[in-house]
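Listed here are the chains, written in short residue letters.
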Amino acid sequence: MTTVLLLRHGRTAANAAGLLAGWTEGVGLDDTGKEQVTALGRRLRDVPLAGVVTSPLQRCRETTDAIVSGREVEVTVDEGVGECHYGGWTNRPLKELAKEDLWRTVQDHPSAATFPASEQYRHESIAQMQLRAVETMRHYDAHFEHQVGAHAVWALVSHGDVIKSILAECLGEHIDQFQRITVGPASLSAVRLTATRPFVLRINDTGSDPADLVPKSDQAKDAEATVGGGSTAQG
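This structure is a prediction, so every number in the text was calculated from the model and none was measured.

Here's the deal with the pairing of strand β8 (residues 198-205)
Turning to step 1, where the next piece is worked out: Here strand β7 (residues 188-193) runs beside β8; their pairing, made up of five bridges, is antiparallel. Bridge assignment links Val-191 to a residue of β8, and that residue is Val-200.
Turning to step 2, where the next piece is worked out: Linking β7 to β8, which pair antiparallel, is a turn of four residues.

Details of the state of the cysteines
Turning to step 1, where the next piece is worked out: In total, this model carries zero disulfides according to the counting rule given.
Turning to step 2, where the next piece is worked out: Summary of cysteine pairing: Cys-60 is not part of a disulfide, and the nearest cysteine sulfur, belonging to Cys-84, is at 13 Å.
Turning to step 3, where the next piece is worked out: For Cys-60, a relative accessible area of 0% corresponds to the buried category.

Examining the packing of helix α6 (residues 126-148) against helix α7 (residues 160-170)
Turning to step 1, where the next piece is worked out: Packing of α6 against α7 brings their axes to within 9 Å, and their N-to-C directions diverge by 75°. With respect to α7, the axis of α6 lies roughly perpendicular. Between α6, through Met-129, Gln-130, Ala-133, Val-134 and Met-137, and α7, the contact on the second element is made entirely by Asp-161, Val-162, Ser-165, Ile-166, Ala-168, Glu-169 and Cys-170.
Turning to step 2, where the next piece is worked out: Residues belonging to the contact of α6 with α7 are distributed by class as follows: eight nonpolar, two polar and two charged.

A look at the pattern of salt bridges
Turning to step 1, where the next piece is worked out: One pass over the structure, following the stated rule, counts 11 salt bridges.
Turning to step 2, where the next piece is worked out: Taking the shortest distance from any N to any O, the salt bridge between Lys-164 and Asp-161 comes out at 3.7 Å. With a gap of three residues between them, Lys-164 and Asp-161 both fall in helix α7, about one helical turn apart.
Turning to step 3, where the next piece is worked out: Using a relative accessible area of 10% as the deciding quantity, one classes Lys-164 as buried.

Examining helix α5 (residues 101-108)
Turn by turn, an α-helix covers 3.6 residues, leaving residues three or four places apart pointing in a common direction.
Turning to step 1, where the next piece is worked out: Every buried residue of α5 is listed here: Leu-102, Trp-103 and Val-106. With its buried residues spanning 105° around the axis, α5 presents them on a single face. Opposite the buried face of α5, at more than 90 degrees from it, the exposed residues are Asp-101 and Asp-108.
Turning to step 2, where the next piece is worked out: Structurally, α5 contributes buried residues whose contacts are with α4 (94-97) and α6.

Focus on the sheet that holds strand β1 (residues 3-8)
Turning to step 1, where the next piece is worked out: Judged by pairing direction, the sheet is mixed, and its six strands sit side by side in the order β4-β3-β6-β1-β7-β8 without closing on themselves. Edge positions in the sheet fall to β4 (75-77) and β8, since each has one partner strand and no second. In this sheet, adjacent strand axes meet at a mean angle of 20° when their direction is disregarded.
Turning to step 2, where the next piece is worked out: Strand direction decides the pairing type here: strand β3 (residues 52-54) and strand β6 (residues 153-158), joined by three bridges, are parallel. Among the inter-strand pairings, Val-53 is bridged to a residue of β6, identified as Leu-156.

Remarks on the nonpolar core
Turning to step 1, where the next piece is worked out: In this structure, Trp-89 and Ile-166 are the most contacted members of the largest nonpolar core, which totals 37 residues.
Turning to step 2, where the next piece is worked out: The next biggest cluster of nonpolar side chains, apart from the first, holds 17 residues, and it includes Leu-5, Leu-44, Val-68 and Ala-190.

Points about the packing of aromatic side chains
Turning to step 1, where the next piece is worked out: Under the criterion given, the structure shown has five aromatic pairs.
Turning to step 2, where the next piece is worked out: Centroid distance Trp-89 to Trp-103: 6.1 Å. Interplanar angle 25°. Geometry classified as stacked. Taken together, the residues Trp-89 in the loop between β4 and β5 (92-93) and Trp-103 in helix α5 connect sequence positions 14 residues apart. Here the two residues Trp-89 and Trp-103 agree in accessibility, since each one is buried.
Turning to step 3, where the next piece is worked out: Taken together, a centroid distance of 6.5 Å and an interplanar angle of 50° make the contact between Tyr-140 and Trp-154 tilted. Residue Tyr-140 is located in helix α6, and its partner Trp-154 is located in strand β6; the two are separated by 14 residues in the primary sequence. Here Tyr-140 matches Trp-154 in class, with each residue buried.
Turning to step 4, where the next piece is worked out: Following the ring pairs from residue to residue traces out a cluster consisting of Tyr-86, Trp-89, Trp-103 and Phe-115.

Here's the deal with the environment of Gly-82
Turning to step 1, where the next piece is worked out: The residue Gly-82 is located in the loop between β4 and β5 in this model.
Turning to step 2, where the next piece is worked out: Sequence separation between Gly-82 and Pro-198 is 116 residues; the distance between their C-alpha atoms is 22 Å.
Turning to step 3, where the next piece is worked out: Residues within four places of Gly-82 in sequence aside, it is in contact with Trp-23, Ser-55, Pro-56, Arg-132, His-159 and Val-162.

Definitions and limits used
Residues numbered from 1 in each chain as written. Predicted model: local features only at pLDDT ≥ 70, side-chain atom pairs only at ≥ 80, totals over all residues. Heavy atoms only, no water. Pairing = 2+ DSSP bridges. Helix = DSSP H or I, 4+ residues; strand = E, 2+ residues; numbered from the N terminus. Disulfide = S-S within 2.5 Å. Buried < 20%, exposed > 50% of the residue type's maximum accessible area, 1.4 Å probe, protein only. Axes fitted to C-alpha atoms, helices over the stretch in contact; angles between N-to-C directions. Parallel < 35°, antiparallel > 145°, perpendicular 65-115°, else oblique. Contact = heavy atoms within 4.5 Å. Nonpolar A, V, L, I, M, F, W, Y, C, P; charged D, E, K, R; others polar. Salt bridge = Lys/Arg side-chain N within 4 Å of Asp/Glu carboxyl O. Arc of directions from axis to C-beta. Core = buried A, V, L, I, M, F, W, Y, C linked by side-chain atoms within 4.5 Å. Phe/Tyr/Trp six-rings, centres within 6.5 Å; stacked < 30°, edge-to-face > 60°.

Structural data, given as structure tokens:
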């Protein structure tokens, strides 16, 4: 019954310029992004973290550094939560990509979308991205529950489309619906994983007090949904 904090990296110059950075090397946080992740780290300072699993890309590594600053926290780098492999779309302007036929498939029927092959960059389908991201999350969730206990809280630092695909899975939504979810730079989403179902605690949160994410001794009752919605601050 662990809690997973799904953290998107802060803003980059590519985000600001409307480029699809993908797996382009050397894309780090811009000044705004650095401020965003510093603020996120302050918000989470009282939430105990059993560990952090991060995408290997620079923008996520820099975000992770801000989150773990001043803590003794195990950080694991895993390509399983890395950015979608956009292949031939990598590092191209979004306004240019929007003119291609594949764009409408990505927007309206993403389960059928496979990004074009490229000699320089790997490519995959959106469905493949979701599968490896969810499998990676489940793997580390079992690891932290075994290592720390059922009340473990850990962070997964990744990218917008990856986090959206995980949230769609946790919401029980088909991947074709994942474009309805917004996950902004340096946002906090959170899910509580149980043996029966995930509970989605937050989506695209950039400002609330995360005190309710600190594990409680009676957290086991959260395996059942509260009839009527409950009385928590987030309800």
